[in-house]
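# Geometric and topological summary
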Amino acid sequence: DTNLINFPRPIYQNSFKEDSAVMVLPDKPTADEMQAALTVAASLGNFTGNDLILDMTSAGKMTTEQAENNHLIFIGKPSSLSVLGELNLPQPVRGNEYQVAGGSADDGVIQMVVSPWSEAHVAFVVSGNSDQAIVKAAQAISTGVLRTNRFPNLVIVQDVEPTPVLTSLSVDRPLSDLVIEGRDFFNRGVAFSTSTFYIPPGMTVSPEATINLVISHSALLDFDQSTLIVQLNGRPIGSVLMDSVTASRSTNKFKIEIPPSAVTPGNNQLEVIVSLEPIDNCTPPGTRGLWLRLWPESSLYLPLDEVITDSTLDADLATFPAAYIQNS
């Protein structure tokens, strides 16, 4: 899927298989093209927790093996990257430049298409007709939020905000938006649902952020051993106490606060882990009387605050590289 709304997917998919990408620059890049490359590399490192294997080469030195086995990130003007003419882009190159209707020479161009060298990978283009345009495109990528228009895999960048803009996600996002849909947990043992939500760089959740669970469950559970635990980025942040009273209700609502320190910029992994144990240890494992229902009315409340950092820098090399990475 080359929809840029899902960036950094599919370049980074956070699966059991390692993701890798190669940044391809012009053979003789300008200072601004190098700046854009560094911005894109730092942004991808930030969004992926440095889990993306990232390499760099020039157009003239790119090998067939690199092209066939990696996502490709092309950074440069079409006049200095002739390989862009080989891609089936929604905003194609015409005469070594982009002809953007109603645009200017300094508009950044971001595009993503299936790689012509491998259908399992994408070609991601950070470009523009001028050096200033390429820097704009890279800065837009660093926000982690790309706005598409005519095509879902094309972004035209006219301007970039010089400072972070305080935004808030919708007041109550259904967990189904995060792929945790209404689900039934059956049988003895442990099962879980996992999904991700995105926090823009420079932002964190406010202290009012919560996960609102709506559940119901069987009365045949051993309430001393059966559990529902919520984890965020591998850290437990809350659990649900089940008893005979909650078993008698058709639905039960639980609110779990999200500690701002548990949230990271970029993708955050949310897990609902359910362990079901019967009252009688001799109960057959496949007994359908053991169940828990996570209802689709469950929701996530994610108001955002700007991260406040101390502007006083400590010129102590023991803290290196703190001064360079203190502010997003």
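Residues numbered from 1 in each chain as written. Predicted model: local features only at pLDDT ≥ 70, side-chain atom pairs only at ≥ 80, totals over all residues. Heavy atoms only, no water.

Grouped together as the largest cluster of nonpolar side chains are 30 residues, with contacts concentrated most on Leu-213, Leu-228 and Ile-258. Listed by contribution, the elements that provide at least two residues to this core are strand 9 (189–199), strand 10 (203–205), strand 11 (210–217), strand 12 (227–232), strand 13 (235–240), strand 15 (266–276) and strand 16 (291–294). Here this core takes four residues from strand 15, the largest share from any one element. Excluding residues that lie within four positions of it along the chain, Ile-258 makes contacts with Val-205, Ala-209, Thr-210, Ile-211, Leu-232, Ile-237, Val-263, Leu-300 and Leu-302. Counting residues in hydrophobic clusters, the runner-up holds 29 residues, among them Ala-21, Met-23, Ala-140 and Val-155. (Core = buried A, V, L, I, M, F, W, Y, C linked by side-chain atoms within 4.5 Å. Buried < 20%, exposed > 50% of the residue type's maximum accessible area, 1.4 Å probe, protein only. Helix = DSSP H or I, 4+ residues; strand = E, 2+ residues; numbered from the N terminus. Contact = heavy atoms within 4.5 Å.)

Its location among the elements puts Asn-268 in strand 15. For Asn-268, the contacting residues outside a window of four places in its chain are Ser-195, Thr-196, Phe-197, Ile-199, Leu-232, Asn-233, Ala-262 and Val-263.

Next up on the list: the packing of helix 1 (residues 31–48) against helix 3 (residues 131–142). Running from amino to carboxyl end, helix 1 crosses helix 3 at an angle of 5°, the nearest separation of the two axes being 9 Å. Overall, the two elements helix 1 and helix 3 adopt an arrangement that is roughly parallel. Residue-level inspection shows Asp-32, Glu-33, Gln-35, Ala-36, Thr-39, Val-40, Ser-43 and Phe-47 of helix 1 in contact with helix 3, the latter providing Asp-131, Ile-134, Val-135, Ala-138, Gln-139, Ile-141 and Ser-142. Among the residues making up the contact of helix 1 with helix 3, the classes are represented as seven nonpolar, five polar and three charged. (Axes fitted to C-alpha atoms, helices over the stretch in contact; angles between N-to-C directions. Parallel < 35°, antiparallel > 145°, perpendicular 65-115°, else oblique. Nonpolar A, V, L, I, M, F, W, Y, C, P; charged D, E, K, R; others polar.)

Next up on the list: unusual backbone geometry. Phe-7 connects to Pro-8 through a cis peptide bond whose omega is 15°. Structurally, the position occupied by Pro-8 is in the segment before strand 1 (20–25). Between Arg-9 and Pro-10 the backbone carries a cis peptide bond, its omega angle lying at 0°. Within the element layout of this structure, Pro-10 appears in the segment before strand 1. For Asn-96, which is not glycine, the phi dihedral falls at a positive 65°. Its identity is not glycine, yet Asn-233 carries a phi of approximately 55°, on the positive side. Examined against the element boundaries, Asn-233 turns out to sit in the loop between strand 12 and strand 13. A residue is classified by how much of its surface remains accessible, and Asn-233, at 27% relative accessible area, is partly exposed.

Geometric values such as these leave the question of function open.
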